[in-house]
There are 2 protein chains.
Amino acid sequence: MSQEHLIRVARGLEPADLLIKNARIVDVYNAAVVEGSVALAGEHIAALGDRPALSVLDLGGRYLTPGLADGHIHIESTMGTPASFSRAAVARGTTFVAADPHEIANVLGAAGIRYMLDQTQLSAMHIFYMAPSCVPASDLETAAARLAAAELAPFLDHDRVLGLAEMMNFPGVLACDRDVLEKIAAARRRRKRVDGHAPLLTGPGLSAYVAAGITSDHECSHPDEAREKLSSGMHIMIRQGTAAKNLPDLVPIVTPANLHRIMFCSDDRHPYDLCSEGHMDAIVRLAVEHGMDPVMAVIAATHNPARYFGLHDRGSVAPGRRADLVVASDLKRFTAEMVFFGGRLAAQNGTPVEEEKHSRGQNAPTAIRVDPAALSFLIPAAGESAHVIQVIPGQVLTGRATARIPIKNGLAQADPASDIAKLAVVESHLMTGNVGRGFVTGLGLARGAIASSVAHDAHNIIVAGANDDDMRAAVLAICEMGGGMAAALDGNILETLALPVAGLMSEAPMQEIAQSLTRLIQAARDLGVTAPDPFMTLSFLALSVIPHLKLTDRGLVDVDSFSIVPLFV
Amino acid sequence: MSQEHLIRVARGLEPADLLIKNARIVDVYNAAVVEGSVALAGEHIAALGDRPALSVLDLGGRYLTPGLADGHIHIESTMGTPASFSRAAVARGTTFVAADPHEIANVLGAAGIRYMLDQTQLSAMHIFYMAPSCVPASDLETAAARLAAAELAPFLDHDRVLGLAEMMNFPGVLACDRDVLEKIAAARRRRKRVDGHAPLLTGPGLSAYVAAGITSDHECSHPDEAREKLSSGMHIMIRQGTAAKNLPDLVPIVTPANLHRIMFCSDDRHPYDLCSEGHMDAIVRLAVEHGMDPVMAVIAATHNPARYFGLHDRGSVAPGRRADLVVASDLKRFTAEMVFFGGRLAAQNGTPVEEEKHSRGQNAPTAIRVDPAALSFLIPAAGESAHVIQVIPGQVLTGRATARIPIKNGLAQADPASDIAKLAVVESHLMTGNVGRGFVTGLGLARGAIASSVAHDAHNIIVAGANDDDMRAAVLAICEMGGGMAAALDGNILETLALPVAGLMSEAPMQEIAQSLTRLIQAARDLGVTAPDPFMTLSFLALSVIPHLKLTDRGLVDVDSFSIVPLFV
C-alpha cells in the first residue's frame, strides 16, 4: 500500500524513489527559502531531509517550488482539448488548474461537461472543474444548451468539481433570482467554492453579491476595487490573460498580511501566448517584474489556490503532499526547468517528457449542424442608414456607429472602402436556419471573408465579409471541418484551423494549433484586417452581455437595453 | 427566505435587523482595523457600511471582532455538559469550538458521541466535534468502549464532525497500524481534517507522521519543535489550558508570514479557570501580554480556526458571514463585553442573556456500574517493599519510588506519616469487579480518602486513602451520584461534586460546578492534600500512556515497558 511505503520512506526504513538534494526549497508556510533535500515516494513527498534513495537528483542550489496552479481558466480558449492543453501547461510548470467548461457547456450542455471530466483521465496534470453557472449567458440568442440548478447540482457531487464557476449573472444574484440562488446554495451545501465575476461592482451591490455566498473575484481592474473586494471577504484572483491583463495594476495591493487571499489566474489564454510566453510561469515572472516579492509570487501561484479550493494534498513542499514540483534557477525570472507531477518527471526545459496519453479522434463530441440551404446573407434594405457595430481595438466592448449603406437591387451591401463589412451569425447547433445579419466597422477587412465557430457564448458561427460568396465559402469550410476558423477570398479557402471538438477545440498539440492560427491570422491580414487579433475580435462580436452593440443569430442586440433592435435607423 | 432577506438588506432595500455603528472593525483579511458600521440580517452579516435598520447599536469606537474559537478542547474536562459549557464559553466570547469527545467515548463508545452530538442542539454557541481516534488509549486497563475505524467512519459523515481528533497513537502511525491508517484515510477521503498529537516528535518520525496525513499539532512545548512542525506542513495550535500551558514559550515563533498557520486551543480547561479567567479571551489577553500583536492574536483566535476547519461561513466581519461577533473596549486587554451569536445578543459583561435551552435530567446517559460486594481494598503483602507512584507537582508525568510498607495481619497498609497513601482503581462500567491496588506518594493525604470517577482515559473510579473504610465510603458516594468526586473522613462524606452524565459531567451551570469543586478541594486540603489540584492530580494517576508508573483496574502499569508489573519489589 502506497501510504505505508510513504511512511516507511519518511522513516528511512525503505529507500526513497527519488532524493532531490541541494535544493533551495520555497517554504510557503513561512514565506522563506530553506536549503535541503526532499525525498519522494510514489506520487508524494515523504520527507524533507536526506534519506536513502534509489536515485538522486542534485539540483546544485537551484530552487524547488510547488507546482503552479491556475485559479480560473477556460481551457476552450486555448483551442486545445484538456489533454492537449495539459501538455502545454505542464511544460511550463502548471500542475493543476480550476477550469470553467463554460464554452463547451453552452454548446453541448451536460454532455460537454461530461466530456471535459472524462478528459481529465488523459491529462498530463490535474484538471479540476467548476460547474458553469451561467448557461446560456443570455436569452437574446438561440442557445444550444440550458443548465438550470437541477441539471447542475449532480456535477457538484463530482470529486473533480470544486464548486460553482464564475457567477457572471450578478444582476440575477442581486435580484434574488431563484435559480441563481439555488445554484449557489447547492455549492455551499457541499462546502464547495462559489467563484465570482463582478467587474466594477462596488458598495451595496458588492455587499449583496458577497453576502449571497460568492467567495472570489477575478475581474478586478482597479486597485481600489480589489481592496474593497478583499475587505469584503473575497479571495482575489489577479488575472493576466490574453484578453484581460490586470496584473500590473493589481500587484501594488498585495501585502504580507493579505497575501493569503491572493491567487493568480489566466481566465483566457490563447494558443500562441501559451506556446511563446507560457502559462502561470509567465504570470509569476511578470508579478516579480512589477515589484512583487518572488517568494510571495510563488505562494500566490501555488499554495494559495490549493488552500482556496480545499486541496490539502498539494501546494507546498512538505511531507504527504503530492510531489508536484518545479525546478527553477532563478525565482526572479521564473522558468520551469524541470517539472515533476506525482513524483515523475513530467517536463524538462519546456517540453513534456512523456508521450501523449490520448489517442485522438475517440469520443470527441461534435456539435456543428448547419443546413447549407438556409445559408443566406442577403440583407433587404429597410432604410438608407444602418446601425453598425464598431470594433474598439484591444477591447471586448464595442461602440455604436451609424452609416449610410450601399444598396443594390434593394439589398444592403458591404462597403469595404468605408471599412464596413457584413457580419452574420449562423445558428450552428440546432438546424434552426437562423441567421442574424448586420454590419461591422473597424475590422479593416478589404476583401474576402473570415469566419469562426468560436463566438462567445453560444458559439454559433460568426462570419465577417466583403461579399456573400466568400462568407458562404468560409462558413461551409468550417461546417466541413466540424468547427474551426477560416479565411476565404474569391470563393477559395486561404487558410483554416480545424476545431472539430464541439466546434471549439482541437486534439492537436498546442504548438500545431498555434502555428495554424498564426497562418490564419496572416491570411486575415492579407485580406486587410487590421484588428490586433482578428479571430478573437470576431469571437466577441456575438457576446450579448458586453456593451454596447452585438450580433446574435436572432439579430442586432442593444446590450444596454438588453433587447433585439432593428438593423436600420 | 433568509438568503433573500440578506441580499435585500445588503442592498439597502429592506431594513437591517441591527446596525452596529461607530465600530472599530478587525479586518482579518488585511490584519487591520477599520472604522465603520456593520448591518446584520437574521443570523448573518449583510454588509459593512451604513444601512437602514430596525435598531441601532452605537459602539462609540469600541472594537468589533469575529467570535472566538477553540481549535481543540475536551468539553468533559470542564465537567459541564456541552450545553452547560457553551453558556460559560459564549459568555467569554467563544462562538465555536472543535471538541474531541474522547472522554465520554472511552466510557460509552458511539452512544457517548451521539449524546454529545445531540447536545449541540441545546448549545448557546456552535459545538463541532472531531471523531475520537484513540479509544481505548491502551490495552493495559479494562476499557468500556472500543472504536475501530469501522465504528468511527459513520461519524465522519456527520455535518457537525469536522474530522478525526488528535491522533495520539503516533507509534501506531509510524508502525503503519492498519486500523490507525484506515481512520486517517476515512477522514481524508471526506476532505476533512486529521488533528495530531505528537509531543516532541521530530526528524524522520515527524516526517512520517505528517506524511500519513496529520494536519495539525497542539502539543508543541518548545519553539524549535513548533518551527519544525510548521515547516513540515502542520497547522500549529498554541495550547494554553489548565494543565498544559505552552503559550508563553510559543508566541515568539509567530510571524506575519506564518500567522495563517497559527491557532489557539485550550485542550483541557477546568471549571474554576473557565469561570475566573475565561476561555479564549484569556488566551488572547495572554498572547498580547507576551508580545503578540493584538490584531494577529485576534486572527489566530477567530479567522484561522474557521479556515482550518473549512467553515467558510464564519471567522470574519464580512458580508455573508455568520454574525458571531465580540465587542471589546481594548484589544490589548481583551474582554468580551458583548457577544453576538447568529445575530442575537448572546452575552453581556460575562453573562449569557438567554435562558438555558436545556431541561436538565433528560436523555443524559449514565455510566457508573459497580458491585459494592466486590469492593475490596485489601492488599496482601507479597514483600516488604513496594513500588510507589510518585506525584510530581504540576505534571502529568509520575516518578517511580520504592518504599517499605507497614504490614498488619499480612496486609499492606497506607503510611500517612511517610506520605504514602493507598491507591485503587475500581472498574466502574462493566461490573467486572476488577480493582487495581497500589500506593502513591506526594499527595500529602494525611487522613480520610478522596475519589473521582474522572480518571483518564478509561474513567474507572480512582481513590486514594489513608484507610480502607474511607476509601469505600468515597467510592460508594460516587456510585450513589452516578459519578463524580468525593472526600471522606471517618466514614463520613465531607463534600461531593455530582457528575452523573457518564460519570464525567454535570448539567449544572459552570459557576455551580466550580463552586462545588472549590469546596471539594478545600475538603481535600483539610485531609492534608498538598498537590496543586488534588482531583486533577488524582485523575491522571490512571493514565497508562504517560510515563512512568500508573495504576489501572488491572494493576500497576510500568508505562516505559508498557506492561503490568508486580506491586511488590
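Our structure's up above, just so we're on the same page.
Let us look at the structure shown here. Source: prediction; values computed, not measured.

Cut-off values and rules
Residues numbered from 1 in each chain as written. Chains lettered and ligands numbered in written order. Predicted model: local features only at pLDDT ≥ 70, side-chain atom pairs only at ≥ 80, totals over all residues. Heavy atoms only, no water. Contact = heavy atoms within 4.5 Å. Buried area = accessible area lost by both parts, 1.4 Å probe. Salt bridge = Lys/Arg side-chain N within 4 Å of Asp/Glu carboxyl O. Polar contact = N/O pair within 3.5 Å; in protein donor to acceptor, adjacent residues only side chain to side chain. Helix = DSSP H or I, 4+ residues; strand = E, 2+ residues; numbered from the N terminus. Nonpolar A, V, L, I, M, F, W, Y, C, P; charged D, E, K, R; others polar. Pairing = 2+ DSSP bridges. Axes fitted to C-alpha atoms, helices over the stretch in contact; angles between N-to-C directions. Least-squares fit on C-alpha atoms with pLDDT ≥ 70 in both. Core = buried A, V, L, I, M, F, W, Y, C linked by side-chain atoms within 4.5 Å. Buried < 20%, exposed > 50% of the residue type's maximum accessible area, 1.4 Å probe, protein only. Phe/Tyr/Trp six-rings, centres within 6.5 Å; stacked < 30°, edge-to-face > 60°. Arc of directions from axis to C-beta.

Moving on: the interface of chain B and chain A. Between chain B and chain A, the residue contacts involve 53 residues of the former and 52 residues of the latter. Interface area, chain B with chain A, both sides summed: about 4300 Å², of which 53% is carbon and sulfur. In terms of surface lost to chain A, no three residues of chain B exceed Ile7(B), Tyr29(B) and Arg191(B), which account for 15% of the buried area on that side. Joining chain B to chain A, the criterion identifies 2 salt bridges. Its salt-bridge partner being Arg191(B), residue Asp159(A) comes within 3.7 Å of it at the nearest N-O pair. Put simply, chain B and chain A have 16 residue pairs in polar contact (both at pLDDT 80 or more) between them. When residues of the side of chain B that touches chain A are traced back to their parent elements, those giving at least two are helix 1 (2-11), strand 3 (44-48), helix 6 (170-174), helix 7 (178-189), helix 8 (203-211), helix 9 (223-231) and helix 14 (303-308) of chain B. Counting residues per element, the side of chain B that touches chain A draws most heavily on helix 1 of chain B, at 7 residues. Classifying every residue of the side of chain B that touches chain A by side-chain character gives 27 nonpolar, 14 polar and 12 charged.

Okay, the sheet that holds strand 26 (residues 484-489) of chain A next. Residues and elements named next belong to chain A. Spatial ordering of the open sheet is given by 19-18-23-22-25-24-26-27, a layout of 8 strands whose pairing is mixed. Both edges of this open sheet fall to strand 19 (398-404) and strand 27 (492-498), since each of them pairs with a single strand only. Direction aside, neighbouring strands of the sheet carry axes that sit 25 degrees apart on average. Inspection of the sheet shows strand 24 (residues 449-452) paired to strand 25 (residues 461-465) by 4 bridges, in the antiparallel sense. Residue pairing in the sheet places Ala-451 in a bridge with Val-463 of strand 25.

What follows is about the relation of the copies chain B and chain A. With an RMSD of 0.0 Å, the fit of chain B onto chain A corresponds to turning through 180 degrees and sliding 0.0 Å along the axis. Both copies of the chain, as the preceding transformation shows, are related through a two-fold rotation axis. Of every C-alpha in chain B, the one belonging to Pro256(B) sits nearest the axis of rotation, 3.3 Å from it.

This part is about the nonpolar core. Counting residues in each nonpolar core, the largest one holds 156 residues, and the members touching the most others are Ile184(A), Phe264(A) and Met292(A). Formed by 154 residues, the second largest nonpolar core is a distinct cluster that contains Tyr63(B), Ile127(B), Val210(B) and Ala403(B).

Quick look at unusual backbone geometry now. For the bond running from Pro547(A) to His548(A), omega is 5 degrees, close enough to zero to count as cis. In this fold, His548(A) is placed in the loop between helix 17 (534-539) and strand 28 (549-552). In this structure, Pro136(B) follows Val135(B) across a cis peptide bond, with omega equal to 0 degrees. Its location among the elements puts Pro136(B) in the loop between strand 8 (126-131) and helix 5 (149-156). The backbone of Asn409(A) shows a phi angle near 55 degrees, a positive value even though the residue is not glycine. If you trace the backbone, Asn409(A) turns up in the loop between strand 20 (407-408) and strand 21 (411-412).

Right, let's get into the packing of aromatic side chains. All names here are of chain A. Counted under the stated rule, the structure contains 6 aromatic pairs over all chains. Taken together, a centroid distance of 6.0 Å and an interplanar angle of 85 degrees make the contact between Phe-96 and Phe-128 edge-to-face. Here the residue Phe-96 occupies a position in strand 7 (residues 94-99), and Phe-128 occupies one in strand 8 (residues 126-131), the gap between them amounting to 32 residues. Across the pair, exposure class does not vary: Phe-96 and Phe-128 are buried alike. Ring plane angle 85 degrees and centroid distance 6.3 Å describe the contact between Phe-170 and Tyr-209, whose orientation is recorded as edge-to-face. One end of the pair, Phe-170, is in helix 6 (residues 170-174); the other, Tyr-209, is in helix 8 (residues 203-211), with 39 residues separating them in the sequence. We classify Phe-170 as partly exposed; its relative accessible area is 22%. For Tyr-209, a relative accessible area of 0% gives the class buried.

A separate point is the pattern of salt bridges. Evaluated as defined, the whole model comprises 48 salt bridges over all chains. In this structure, the salt-bridge partner of Glu337(B) is Arg62(B), at a minimum N-O distance of 2.7 Å. Residue Glu337(B) is located in the loop between strand 14 (325-328) and strand 15 (338-341), and its partner Arg62(B) is located in the loop between strand 4 (56-58) and strand 5 (63-66); the two are separated by 275 residues in the primary sequence. Between Asp157(B) and Arg190(B) there is a salt bridge; the shortest N-O distance is 2.6 Å. In this pair, Asp157(B) is assigned in the loop between helix 5 and strand 9 (161-167) and Arg190(B) in the loop between helix 7 and strand 10 (193-196), connecting sequence segments 33 residues apart. What makes Asp157(B) exposed here is its relative accessible area of 52%. For Arg190(B), a relative accessible area of 27% gives the class partly exposed. Taken together, the shared-partner salt bridges in this structure form one network comprising Glu43(A), Arg322(A) and Asp324(A).

Bringing helix 1 (residues 2-11) of chain A into the picture now. Within helix 1 of chain A the residues assigned to the buried category are Gln3(A), Leu6(A), Ile7(A), Val9(A) and Ala10(A). Buried positions in helix 1 of chain A, seen along its axis, are confined to an arc of 165 degrees and lie on one side of it. Residues of helix 1 of chain A that are buried in the fold lie against strand 2 (32-41) and strand 3 (44-48) of chain A together with helix 6, helix 7 and helix 8 of chain B. At the exit of helix 1 of chain A stands Gly12(A), carrying a positive phi of roughly 85 degrees.

Here we take up the environment of Gly42(B). Turning to its location among the elements, Gly42(B) is positioned in the loop between strand 2 (32-41) and strand 3. Residues within four places of Gly42(B) in sequence aside, it is in contact with His5(B), Asp17(B), Gly342(B) and Gly343(B).

Moving on, we come to helix 12 (residues 280-289) of chain B. All names here are of chain B. With respect to burial, helix 12 is a largely interior element, 9 of its 10 residues being buried. Looking at helix 12, one finds that the buried residues are Met-280, Asp-281, Ala-282, Ile-283, Val-284, Arg-285, Leu-286, Ala-287 and Val-288. The elements touched by buried residues of helix 12 are strand 6 (68-73), strand 7 (94-99), helix 10 (247-250), strand 13 (262-265) and helix 13 (294-301). The first or second residue beyond helix 12 is Gly-291, which carries a positive phi of 105 degrees.

That is the geometry; function is a separate question.
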